[in-house]
Amino acid sequence: MCGIVGYVGERKAAPILLSGLSKLEYRGYDSAGIAVYEKDRLQVIKTKGRLKALSDMIDGGKNMSSTMGIGHTRWATHGEPNDINSHPHLSQSSEIAVVHNGIIENYISLKEFLVEKGVKFLSETDTEVIAQLIEYNYRGDIVEAVMETLKDLKGSYALGVISRHNPEMFIAARKDSPLIIGAGKNENFIASDIPAILEYTRDIYILEDKEVAVLTKDSIKIYNEYGQMVNKKIFHVDWDVDAAEKGGFEHFMMKEIFEEPKVVKDTFNSRINGDLLKQDSLSFTAEQLNKIEKIFIVACGTAYHAGIVGKYLIEDLSGIPVETDVASEFRYRNPIINEKCLTIIISQSGETIDTLFALREAKSRGSKILSIVNVVGSSIARESDSVIYTLAGPEIAVASTKAYNTQLAALYTIALDFANKKNRINSEELKEKINTLKEIPGQIEKVLEKREGIQKFAANHYNAKSVFFIGRGLDYALAMEGSLKLKEISYIHSEAYAGGELKHGTIALIEKGTLVLCSVTQDALIEKMVSNIREVKSRGAVVMAITQEKNKLVESVADTVINIPDISSMFAPLTAATVMQLFAYYMSVLKGCDVDKPRNLAKSVTVE
Ligand code: G6P
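Residues numbered from 1 in each chain as written. Predicted model: local features only at pLDDT ≥ 70, side-chain atom pairs only at ≥ 80, totals over all residues. Heavy atoms only, no water.

A. View of the nonpolar core. In this structure, Ile 34, Ile 295, Ile 344, Phe 418 and Phe 583 are the most contacted members of the largest nonpolar core, which totals 116 residues. Among all residues touching Ile 295, those that are not within four sequence positions of it are Ile 314, Ile 320, Pro 321, Val 322, Glu 323, Leu 342, Ile 344 and Phe 418. Formed by 29 residues, the second largest nonpolar core is a distinct cluster that contains Val 98, Leu 114, Met 169 and Val 212. (Core = buried A, V, L, I, M, F, W, Y, C linked by side-chain atoms within 4.5 Å. Buried < 20%, exposed > 50% of the residue type's maximum accessible area, 1.4 Å probe, protein only. Contact = heavy atoms within 4.5 Å.)

B. Inspection of the pattern of salt bridges at higher detail. Across all of its chains, the model carries 30 salt bridges by this definition. Its salt-bridge partner being Glu 10, residue Lys 217 comes within 3.5 Å of it at the nearest N-O pair. On the criterion of sequence distance, the pair formed by Lys 217 in the loop between β12 (212–216) and β13 (219–223) and Glu 10 in the loop between β1 (3–8) and α1 (13–22) is long-range, its members being 207 residues apart. Look at Lys 217 and you get partly exposed, because its relative accessible area is 29%. The shortest N-O distance in the salt bridge between Arg 360 and Glu 383 comes to 2.6 Å. With Arg 360 in helix α12 (residues 353–364) and Glu 383 in helix α13 (residues 379–383), this residue pair connects regions lying 23 residues apart in the sequence. Judged by its relative accessible area of 23%, Glu 383 is partly exposed. Members of the salt-bridge network, linked through shared partners, are Lys 294, Glu 323, Asp 325 and Arg 333. (Salt bridge = Lys/Arg side-chain N within 4 Å of Asp/Glu carboxyl O. Helix = DSSP H or I, 4+ residues; strand = E, 2+ residues; numbered from the N terminus.)

C. Spotlight on the packing of aromatic side chains. This model, assessed by the stated rule, comprises nine aromatic pairs. On the basis of an interplanar angle of 90° and a centroid distance of 6.0 Å, the ring pair of Phe 284 and Phe 418 is categorised as edge-to-face. Linking Phe 284 in the loop between β16 (276–277) and α9 (286–290) with Phe 418 in helix α14 (residues 402–421), this pair joins segments that are 134 residues apart in sequence. Their ring planes at 45° and their centres at 6.1 Å tell us that Phe 457 and Phe 583 sit as a pair that is tilted. One end of the pair, Phe 457, is in helix α16 (residues 451–461); the other, Phe 583, is in helix α20 (residues 573–591), and 126 residues separate them in sequence. Looking at Phe 457, the relative accessible area reads 4%, which means it is buried. The exposure class assigned to Phe 583 is buried, which follows from its relative accessible area of 0%. One aromatic cluster is present, formed by Tyr 7, Phe 189 and Tyr 200 through successive ring pairs. When the ring centre of Tyr 491 is taken as origin, the NZ or CZ atom of Arg 599, which lies over that ring, is 3.8 Å away. (Phe/Tyr/Trp six-rings, centres within 6.5 Å; stacked < 30°, edge-to-face > 60°. Lys NZ or Arg CZ within 6 Å of the ring centre and 35° of its normal.)

Geometric values such as these leave the question of function open.
So, in C-alpha cells, the structure goes:
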C-alpha cells in the first residue's frame, strides 16, 4: 500500500504534490519522492523516511517552477526502504518517471528480459521494471508505450507516468489498486485516495480496473484496455476531510476490517502460484526441515494469538511439535532451544522490543529464525534468516485487525508448505487446501455483509460488565483474540476459556445475563461445544455463537447465531476472526470509546 498524487495545471506542482502526499501518509511512510518536469528534464527528488524529510530537502517545493509532476509515499513491499528503492523510478535514459502502488508479480521475468536487452537497473523494486519497459516500448507515442506495457504486467497496479517527451501531460492507470482523478479548472489531479486532492477539487472520476487516463491541464481522457474512449460520470464528494481520510468510514479500524479480503488475497498471492506454493530462496528445503525437531512461535499481543492458531495448524499438518511463547516470558525463562529448532517470530511492526529480544535470544542459542512481519526492513525482518511479509499495508488503528488476518494467512501457507515437504499430505490434498485458501477473501466479504446482525447483538449488550469467549481447538485460539479485541477497545472485562476448561472454576462466574461468545466452527468438536453452551445457558448466560451455516444444532441452543459461510473447520478462523473484530468494534462505538486510540495502549511497543 502506497500513496500516489499527480498534478498538471498552472500552479507550481511541487507544493501541491507535497500537500497531497501529507494526506496519504496513512498509506505508507517509509520513504517519499516527487518527479517534476523542470528545466527541460525530469527531476526526481526522493528520500528514505517521512515526508517531512523530502519537504525539508526541497524547502516545501516553493522554488520549483514546474507545473506538472507526480509524487509518492511508500510502504515497501519489494526491496528495503532506502533512497534508491523510493519512488518515482526513472527509466535508464531518465526520460520516463513512474510512481506505482501495488505488486507486479511477474517483475522478475520482465527484469530478466530487459537485462538481456542491455537495460541497467538501479533498484530492487518491481516498479523500476515498469519505467524501463515503457521506455523499451516507446516508439514516439508515450500513451501507446504505456498501453503496450500494461499488457505485460501481472499483478496489481495504480500508476502515474510522466515523460520528458510530453511535459504537458501525464498518464494514469489502475488494476486492483485504487486511483482517482480529480477534475479542476485549468488543472487536473490523480491520487490514491480522495483526501489528497479535496483541498483543490470535489469533482472526482473513479478509475476502474484496466482503465488508462491521459491528463493535461484542461482535458481528461479515459480509455478502456482496448484503447476505446470511456465516458464516465463525475462523482461529487461532499464528505469532510476527516471522513475522507478514513475512506468514508467513521474509524480506521472499520476501514481496516473492510480491507481484509484484499490484504488476505495479496498475502496468499505472494505465497501461492496457481495451485502450488511458491518456492524461493527463503523457503526451507525438505532436508533442512527434516533436521528440525521443534518449532517455537514467539510474539506479543495479537501476533501471539495468531501464533497459537499457527501452533494448531503446523502440528496438525506437518507433525512437527510446536511451542508458543509470549516474547516477554520466553526471553527470561531459559528456553530449551538449539540448532535443531526453528523459531517463528510474528510481529506486525517488526519493532516490538520484547519480540526482537526474544529473536536474539533464540538466535544466540543456535535456532534458525523465520519471521512473519508487516513492515519491510524493520528490525525483526533484518535480523531474521527468512522473512515472510504480510501484505496488510499500514495499520493505523491501535487494535490490530487486518494484520492479524494476514498473519493467519501466512501461517496457513507455512503449515501447508511444511506438511508438503514432510510428505504428510499428497499433492491432491495440497491443491484442494490451496484452492480452499483462495476462496477465503470472498468468504470474508460475505461475513462483512452480515455486520448488521453483529451490530444488533452488540446494541443489546454493550452495557455488559463481563464477557466470556469460549471455544475448543482452533476456536479456543480464536477466542483469545476475540477477548483481547473486546478488552482493548471497549474496556469491558473479558476472558477466553477453552470450552472444556470452563467447568473447572470459571463457570462459577456465570450468572443470569452473563454474555458468552462461543466460537463453534470445528466439526469434530461441535457436540462438545453444544454441551458447553448448554452448561452456561442453564446458569443464565446469554449466548452468541459463531458457526458455519450448516451447523443447525448450534442454532437450537444459542440465543443468537452469526453464521460464517460453510468452510472446512481448519480454515474457519480466517473468517470467524472478522466476526469477533466487528463485535468488539460495535461494542466500543456503542459505549462511546475512542475506537482507534484506546486508552493506555500504543500501536508499537518499543520499551520492555
Ligand atoms: C502492542 C499493540 C498490539 C500488538 C502488540 C504486538 O501491544 O497494541 O496490538 O498486537 O503490540 O505488536 P507487533 O507489532 O509486534 O505485532
